[in-house]
Amino acid sequence: MTPRAFSYARVSGRDQADSGYSLPAQRERAAAFAQFHALPVPIHFEDPAVSGKRDARPAWVAMMGQVRAGDTVLAKDLTRIARGGIVQTLTLIRDIEARGARLVLIDQSLDTSTPFGRVVLSILATLAEYELEQTRERSMIGRTFAAKAGIWPQGSVPYGYLRNAEKRLELNPATREPVRAALLALVGRSYQEASEELRGQGIPSPTGKPNWSPARLHALAQQTAYIGRAVFVSGGERIEVPCPRLLSDEEWEALHAGRRAFSGGERRPDRYPLVGHLRCPHGAPMNGRQESHRNAGMVSRYHVSGRLKRHYGCGCPSFRAAQVDDAARDLLARVLTDPTDPAHLALLTGATPLSDGREQERQEVQESLSNLARLRVLGQIEERDYLSLREELKARERALTPKPRQVTEVPVMNELAADVREASSEHLAELLDLLDVRLLIQPDGTLELLGLRPLDTVQQAV
Ligand SMILES: [Zn+2]
C-alpha cells in the first residue's frame, strides 16, 4: 500500500485566536509542508475546543485508527500532541512509532524517524522517567524543552497564578485581584510609597499577609507573566512560557512609566547590579560611576561612595565594578551551595538572620536560668518560686529564639547559585533584590555578606 500523510490539528480553550493556532491555519500549514516535501495530500483530522469536556480528542482517536506502517503524521508542534504531562505525551508518540509510522512536528523541525528526532524522543523518555519518579529536580534541557512547549516546569508559580493539571499557568481566582491591586498601586508611586499604601489597605502579599516591601513589589513588577509571558530561568537561560495575562499593555506601561525618576535615576542594573546592595564600612551606599579614557575609547566602571562621601566621613577608594561584581557572584554562589556556611543555614531554614541583634538578650536569659538552677541546688530558693521564675525565663527565652522553619530545598538553592554565577547583570540585580542581599565592601576590596532574606519568601515572591 502507498504510504499516506495525515495532518492533525487541535485547539484548546486557552489558545489565542490570532497566534497561528487556529484550526484552518494549522491545516494550511500541514498541507503546504506536505506539498513542499513531496508527501501525499494529507488526510486531515482536527479536534476543536470542546467546552465542559476537558481535552477530549475524538479526531485523534479516529486518525490513529487509520495510521499504519510507512505513514507520516504531521502536526504544527508538540503542544498539539502534548497531553496531561510528558508520560502521556510520550505514550501518544510511541503509539505512532509502534505502527511503523513517523511523526513530524513542522514548526519544531522534528521528525521522529531521523537521528535528531530520536535524540529528542530519548530526552522525552528521560523526562517521562523523571515524572514517574516524581522527582522535583529536572534536568535543564528537559525543563527547557517542556517550557518551550508551554509547560510551566516548576511547582512555584508567579503570584496570581496556579499550575493546572496540564502543568500550564492559569490565573488563580483567589489571588489574581490582590496582584492586580498591588501592580496598579505602582502607577504614579515609588516602590516605597506603593508598599506603604498596600500595607495600609491590607492587600495580601505572596505571604498571605499585607507585609509589602519595596523589594517584593519590585520583584513583582519585573514579572512579564502579567502581560502573558512568564519567564522561567534555568541555568542562566531565560525561557518564556506563554500564559494568560493579568494587565493590559497600557496598564503595564503606566506602572513602569517614570520608574527611573522614582529610583533617583542612578540605578542602572544592566551596568551596576550591586547598586542598592553595597555599602562601605562607613555606611555610605556605593554608586556606579563610569569613566571614559581618551585613548582607545575605552570605558571603565567603578563603584564609588561619591557625593555622599563627606556625609558619611568616608575615605574609601573607588573599586573596579567588574571585579566587585565577580566577587559578589562568587560569594553568593558559595553561600547558596556551601552547607557549612552559617548564612547558608539561615537561607535553608529561615531560622535567623545573620545577626538579629538579640544575641545579648538571649545570653542574659540563659545566664539567669543557670543562676536560678544554682540557687535551687543550694537550697536558697523555694521550689514553688523556682518553678514559676523558671517558667517565666523559659518563656522569655522562647520569645527570643527565632523559630526554625524547614522550607527550602537544596536543589532550589543550587539553581539560584547557578543563576547568580551566570546571569546577566540585569538579572543579577533582580536576584539581589529578591534575596534582599546586603554586602559590605572593605577598603581593600574584600566583600562581606551582611544579610539576606530567607528563601521561602523568595520562592513565593518569584
Ligand atoms: Zn567608606
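The written sequence of each chain sets the order in which its residues are numbered from 1. Residues qualify for local features only when their pLDDT is at least 70, as the model is predicted, and side-chain atom pairs are given and counted only at 80 or more; totals for whole chains, interfaces and linings, by contrast, use all residues. Only hydrogens and water are set aside when side-chain values are computed; all heavy atoms of the structure are taken into account.

The protein is annotated in an unreviewed UniProt entry as Resolvase/invertase-type recombinase catalytic domain-containing protein of Deinococcus phoenicis.

Caption draft 1: Up close: the coordination of the zinc ion. At 2.0 to 2.4 Å from the zinc ion lie its protein donor atoms, namely Cys280 (SG), His282 (ND1), Cys314 (SG) and Cys316 (SG). For the zinc ion, the 4 donor atoms in the first shell make angles of 101 to 117° at the metal, a pattern classed as tetrahedral. Note that water is not among the atoms considered, so a metal site may appear incomplete; the donors listed are N, O and S atoms within 2.8 Å of the metal, with 3.2 Å applied to Na, K and Ca. Donor residues binding the zinc ion come from one chain and are separated in sequence as C-x1-H-x31-C-x1-C. Within this pair, whereas cysteine 280 is found in the loop between β10 (278-279) and β11 (287-292), its partner cysteine 314 is found in the loop between α12 (309-312) and β13 (319-320), the two being separated by 34 residues in sequence. Partly exposed residues are those whose accessible area sits between 20% and 50% of the maximum for their type, while under 20% is buried and over 50% is exposed, using a 1.4 Å probe and protein chains only. For cysteine 280, a relative accessible area of 1% translates into the label buried. What makes cysteine 314 buried here is its relative accessible area of 10%. Any site counts as irregular unless it has four donors with all angles between 85 and 135 degrees, making it tetrahedral, or four or six donors with opposite ones more than 155 degrees apart and the rest between 65 and 115, making it square planar or octahedral. Secondary structure counts use DSSP, requiring at least four H or I residues in a row for a helix and at least two E residues in a row for a strand, with both numbered from the N terminus.

Caption draft 2: Examining the sheet that holds strand β3 (residues 72-75) more closely. Only strands that DSSP links by at least two bridges are regarded as paired with each other. Across the sheet, which stays open at both edges, the 5 strands sit in the order β2-β1-β3-β4-β5 with mixed pairing between neighbours. The open sheet has two free edges, formed respectively by β2 (43-47) and β5 (110-111), since each of these has just one partner strand. Here strand β1 (residues 5-10) runs beside β3; their pairing, made up of 3 bridges, is parallel. The residue of β3 that forms the bridge with phenylalanine 6 is valine 73. Contact criterion: two residues are considered in contact whenever any of their non-hydrogen atoms come within 4.5 Å of each other. The angle between two axes is taken between their N-to-C directions and runs from 0 to 180 degrees, where each axis is a line fitted to C-alpha atoms and a helix contributes only its stretch in contact. Its contacts with the sheet put helix α1 (residues 23-36) on β1, β2, β3 and β4 (102-105), and the angle it makes with β1 is roughly 155°.

Caption draft 3: Main features of the sheet that holds β10. Ordered by their spatial adjacency, 3 strands build an open sheet running β10-β14-β15, and the pairing between neighbours is mixed. Strand pairing shows two members of the sheet lacking a second neighbour, β10 and β15 (447-451), which therefore form its edges. With 4 bridges connecting them, strand β14 (residues 438-441) and β15 associate as antiparallel partners. Bridged to leucine 440 within β15 is glutamate 448. Along the sheet, helix α13 (residues 321-337) makes contact with β10, β14 and β15, crossing β15 at roughly 55°.

Caption draft 4: Representation of α13. Between the first and last C-alpha of α13 there are 24 Å, a value that for 17 residues agrees with the 24 Å anticipated at 1.5 Å per step. Turning to α13, its buried residues number three or more, namely Ala321, Val324, Asp325, Ala328, Arg329, Leu331, Leu332, Ala333, Val335 and Leu336. Here the expected length of a helix is defined as 1.5 Å per residue gap, with one fewer gap than residues.

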